[in-house]
Amino acid sequence: MRKTKSRRVIFIIVIFILILSYVVFSLYTKNKSKKLEIEKDLPYNFENLSLPEVRDFSDILTNYAKTLEKTLIYENSNLSI
């Protein structure tokens, strides 16, 4: 009698573990597919990326010069070299 009772308990535990693992796996795959759908709709996706046209190159050079004026690229720079 004791062996059959312990086998039932083990069988019930195994079934419970299988059901629980199935639920966790299904939730994981559902969440993963939902995350992929959200990432496709985000604006930083490379497929949807559109760069503005550069019409005037002088604006870029002016902004670059302003940036160099305000930031130190090298801390110990020797400008005479």
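A brief report on the enclosed structure follows.

1. A closer look at the overall build of the protein
1) Next: Counting its secondary structure elements, the protein contains 2 helices and 0 strands.
2) Next: As displayed, the protein has an accessible area near 8900 Å², and 63% of this comes from carbon and sulfur atoms.

2. Quick look at a nonpolar patch on the surface
1) Next: Taken together, Ile 10, Phe 11, Ile 12, Val 14, Ile 15, Leu 18, Ile 19, Tyr 22, Val 23 and Leu 27 make up a surface patch of nonpolar side chains, about 1000 Å² in accessible area.
2) Next: By the element assignment, Leu 18 lies in helix H1 (residues 2-41).
3) Next: For Leu 18, a relative accessible area of 53% gives the class exposed.

3. Topic: the environment of Ser 33
1) Next: In this fold, Ser 33 is placed in helix H1.
2) Next: For Ser 33, a relative accessible area of 37% corresponds to the partly exposed category.
3) Next: In terms of polar contacts, Ser 33 uses its side chain to reach the backbone carbonyl oxygen of Lys 30, at 2.9 Å.

Criteria and cut-off values
- Residues numbered from 1 in each chain as written.
- Predicted model: local features only at pLDDT ≥ 70, side-chain atom pairs only at ≥ 80, totals over all residues.
- Heavy atoms only, no water.
- Helix = DSSP H or I, 4+ residues; strand = E, 2+ residues; numbered from the N terminus.
- Areas by Shrake-Rupley, 256 points an atom, 1.4 Å probe, with all protein chains shown as cover.
- Patch = residues over 30% accessible without salt bridge, like charges linked within 9 Å, V, L, I, M, F, W, Y side chains within 5 Å.
- Salt bridge = Lys/Arg side-chain N within 4 Å of Asp/Glu carboxyl O.
- Buried < 20%, exposed > 50% of the residue type's maximum accessible area, 1.4 Å probe, protein only.
- Polar contact = N/O pair within 3.5 Å; in protein donor to acceptor, adjacent residues only side chain to side chain.

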